[in-house]
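# Chains, contacts and geometry: an overview
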Amino acid sequence: MEDAGRTLGVEEEFLLVDPVTRQVSPAAPAVLATAGDPPGEDGCFHPELLSSQVEHATGVCRDLAELERQLGAGRRKLALAAIAHGVRLLSCGTAVTTADAPITAGPRYDTIAGRFAGVVTDYHACGCHVHVGVPDRDTAVAVVNHLTPWLPTLLALSANSPFERGKDTGYASWRAMRQCGFPGSGLPPWCGSAGAYDAMVGRLVDCGVLVDEHMTFWFARPSGRLPTIEVRAADAVTEVREAVLQAAITRALVRTALDDLAAGREAAPVEPQLGAAAVWSAARHGMTGAAIDPFTGARTSAWDRAGRLLEHVGPALEDSGDLATVRRGLGDLRLRGTGAEHQRRAAARSHGADPTAAVVDVLIRRTAPARNPQEWDGLTRAPVTATQDPDPTEAP
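Just so we're clear, the structure is a prediction, and the values are computed from it rather than from any experiment.

Rules and cut-offs
- Per-chain numbering applies: the sequence of each chain, read as written, is numbered from 1 onward.
- Only residues with pLDDT of at least 70 are given local features in this predicted model, and only at 80 or more are side-chain atom pairs given and counted; all residues enter the totals for whole chains, interfaces and linings.
- By convention in this description, side-chain values take in all heavy atoms of the structure and omit both hydrogens and water.
- In DSSP terms, a helix is any run of H or I states spanning at least four residues, a strand is any run of E spanning at least two, and both are numbered starting from the N terminus.
- Based on C-alpha atoms, the radius of gyration is set beside the globule rule, defined as 2.2 Å times the residue count to the power 0.38.
- Contacts between residues were defined by any pair of non-hydrogen atoms, one from each residue, lying within 4.5 Å.
- Pairing of aromatic rings covers Phe, Tyr and Trp, the last through its six-membered ring, and needs centres within 6.5 Å; plane angles under 30 degrees mean stacked, over 60 mean edge-to-face, and all others mean tilted.
- Here the term buried applies to any residue with accessible area under 20% of the maximum for its type, exposed to any over 50%, and partly exposed to those in between, with areas from a 1.4 Å probe on protein chains only.
- Placement of a charge over a ring requires the Lys NZ or Arg CZ to be within 6 Å of the ring centre, with the centre-to-atom vector within 35 degrees of the ring normal.
- Buried Ala, Val, Leu, Ile, Met, Phe, Trp, Tyr and Cys residues form a nonpolar core when they are joined through side-chain atoms within 4.5 Å.
- Axis lines are fitted through C-alpha atoms, for helices just across the contact stretch, and the angle between N-to-C directions can take any value from 0 to 180 degrees.
- Oblique is the label for any angle not under 35 degrees, not over 145, and not in the 65 to 115 range, which are roughly parallel, roughly antiparallel and roughly perpendicular in turn.
- Handedness of a crossing follows from how the near helix is turned relative to the far one, being left-handed for an anticlockwise turn of less than a right angle and right-handed for a clockwise one.
- As a working rule, the residues Ala, Val, Leu, Ile, Met, Phe, Trp, Tyr, Cys and Pro are called nonpolar, Asp, Glu, Lys and Arg charged, and the rest polar, with Gly in that last group.
- Confidence of the predictor at the level of single residues is captured by pLDDT, which takes values from 0 to 100.
- Two strands qualify as a pair provided that DSSP identifies no fewer than 2 bridges between them.
- Salt bridges are counted wherever a side-chain nitrogen of Lys or Arg sits within 4 Å of a carboxyl oxygen of Asp or Glu.
- Pairs of N or O atoms are called polar contacts if they sit within 3.5 Å, as long as, within protein, a hydrogen donor faces a hydrogen acceptor (for residues adjacent in sequence, only side-chain-to-side-chain pairs).
- Multiply 1.5 Å by the residue count of a helix minus one, and that product is the helix's expected span.
- Bend is the name given here to the angle between axes fitted to two runs of seven residues, the run ending at a residue and the run starting at it.

### Quick notes on the overall build of the chain
Along its length, the chain carries 14 helices and 13 strands. The C-alpha atoms of the chain give a radius of gyration of 20 Å, which matches the 21 Å a tight globule of 396 residues would have. A separation of at least 24 residues holds for 76% of the contacts in the chain among residues at least 6 apart in sequence.

Listed below in structure tokens is the structure:
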């Protein structure tokens, strides 16, 4: 496959929120009907599990500039459709403040709700999923083995869900903790072939803990429908440039794995308890505290792991022409902070007002910023409150 490790696409999940109450709104059917088709060949808008959620999947891209264009255009189209129905588009790993929203209508969603019960009834969790092309399923499984030790770092870099139900959970990614309520979440198990992987998933389906072979919850998996690796470690990130950073690093990880496999280097398994500890540490601290090396169990810092990741994928990034972009993105993230850090700063600036309202307002403004002052003319804009004092580290 000539494009192996080169083609990529991103799926972004979003929440719809009421700009007055700041709670989630079950407006997805109306918003999707108004949005129509997204920009980009083969791109699509989708409903998600809850009627308060929508998804944009880009078409197949071969460079980061095209990916960034499609992501930005998709967000703007969804944001305009949301405004037309009196709600706002918001990119965040969990709902900052929650109201009930029905499960999306449909037989499969009904089956999921029946199977997982209370785990899904208020599961307002959103992720940023990256697909990278691979030649076949055996290669896909082998690549996933190579990616596994780096998945906690991808989570930490994306951490964007410290709040739920109006409270600070103490975690940088509460979404990752909510996902632990599903069977088989976290790092994927090591598998020696596509046959072994499919047999394992089939057993979980037969046991009744998975709805079907397409609904696994690991942070990375071979796609069941496309010739791709699907990496699902990241929270939904607030800004397009953060999604592009996740995609660039993920593609470089896949290309590095393909080079290792071509040289006969197989990935060593990650000990499950160390892997779980690394995921927990990434979810708890994001990029502001300790991290765990999944291979050795050694305690280190999140930015040390990020530096080792950059060293690991540097040659692949240089080959694709993305090295400068990723260095700039990581440097910007280190200076400005992750989404979780942005949210907490917004809450701290509320000056006695409702801190969660301040967080939601900032997220709305940053999810799909207008390209010019006239872009939202004639439409009701997100409320601007006195709690939205600019932060010098949050330049647009």
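Next comes the rest of the account.
### Quick word on the packing of aromatic side chains
Taken as a whole and judged by the stated rule, the model has 7 aromatic pairs. Aromatic side chains Tyr123 and Phe182 sit 5.0 Å apart centroid to centroid with 80 degrees between the ring planes, which places their arrangement in the edge-to-face category. A residue pair is termed long-range when its members are at least 10 positions apart, and Tyr123 in the loop between α4 (118-121) and β5 (127-133) and Phe182 in the loop between α7 (174-179) and β8 (185-186) qualify at 59 residues. Between Tyr171 and Trp280 the ring centres are 6.1 Å apart and the planes differ by 90 degrees, which places this aromatic pair in the edge-to-face class. With a gap of 109 residues between them, Tyr171 in the loop between β7 (167-168) and α7 and Trp280 in helix α10 (residues 272-285) connect regions that are remote in the sequence. Classification of Tyr171 by relative accessible area gives buried; the value is 16%. The rings of Phe116, Tyr123, Phe182 and Phe217 are connected pair by pair, giving a single aromatic cluster. It is Arg284 that lies over the ring of Tyr171; its NZ or CZ is 5.7 Å from the centre.

### Thoughts on the nonpolar core
Core analysis: the biggest nonpolar cluster contains 61 residues, and Leu147, Leu157, Ile229, Ile249 and Leu253 have the highest contact counts within it. The element that contributes the greatest number of residues to this core is helix α9 (residues 240-262), accounting for 12 residues. Leave out the neighbours within four places in its chain, and Leu157 touches Gln246, Ile249, Met287, Trp303, Leu309, Leu330, Leu333 and Thr338. Among the nonpolar cores identified, the runner-up in size contains 20 residues, and Leu49, Phe116, Val120 and Cys191 belong to it.

### Some details on the packing of helix α5 (residues 137-147) against α9
Here α5 crosses α9 at 110 degrees, and the two axes come no closer than 9 Å. With respect to their mutual orientation, α5 and α9 come out roughly perpendicular. For the crossing formed where α5 meets α9, the hand is right-handed. Here α5 contributes Thr139, Ala142, Val143, His146 and Leu147 to the contact with α9, which in turn contributes Leu253, Val254, Ala257, Leu258, Asp260 and Leu261. Its residues assigned to classes, the contact of α5 with α9 comprises 8 nonpolar, 2 polar and 1 charged.

### Re the confidence of the model for the chain
Taken over all residues, the pLDDT of the chain has a mean of 91, while the share at 70 or more is 93%. Throughout residues 378-396 the model reports pLDDT below 50, and contacts reaching past four residues in sequence, or to other chains, amount to 38 contacts.

### Looking at the pairing of strand β2 (residues 44-47)
Across 4 bridges, β2 lies against strand β3 (residues 53-57) in antiparallel orientation. Looking at β3, one finds that Phe45 is bridged to His56. Where β2 hands over to β3, the hairpin turn is made up of 5 residues, counted between the paired strands.

### Points about the pattern of salt bridges
Summed over the entire model, instances satisfying the criterion amount to 23 salt bridges. Close ionic contact of Asp319 with Arg6 constitutes a salt bridge, the shortest N to O distance being 3.7 Å. Separated by 313 residues along the polypeptide, Asp319 in helix α11 (residues 302-320) and Arg6 in the segment before β1 (8-17) bring together distant segments of the chain. For Glu230, the salt bridge is made with Arg232, and the minimal N-O distance between the two is 3.3 Å. The same class applies to Glu230 as to Arg232, namely buried. Look at the salt bridges and you will find they share partners, linking Glu239, Arg241, Asp332, Arg336 and Arg366 into a network.

### Regarding the side chain of Glu230
Of note, Glu230 is situated in strand β11 (residues 228-235). Classification of Glu230 by relative accessible area gives buried; the value is 5%. Separated by 3.3 Å, the side chains of Glu230 and Arg232 make a polar contact. Setting aside residues up to four positions removed in sequence, Glu230 forms contacts with Glu11, His129, Val130, His131, Phe219, Ala220, Arg221 and Ser223.

### With respect to α11
The terminal C-alpha atoms of α11 lie 25 Å apart, and with 19 residues this matches the ideal 27 Å at 1.5 Å per residue to within 8%. Where α11 bends most, at Val313, the angle is about 55 degrees, and the proline Pro315 comes one to four residues later. Every buried residue belonging to α11 is among Ala302, Trp303, Arg305, Ala306, Leu309, Val313, Gly314, Ala316 and Leu317, and all of these are buried. Those residues of α11 hidden inside the fold are in contact with α6 (151-158), α9, β12 (290-292), β13 (299-301) and α12 (323-336). Just downstream of α11, Gly321 is the residue with a positive phi angle, here 80 degrees.

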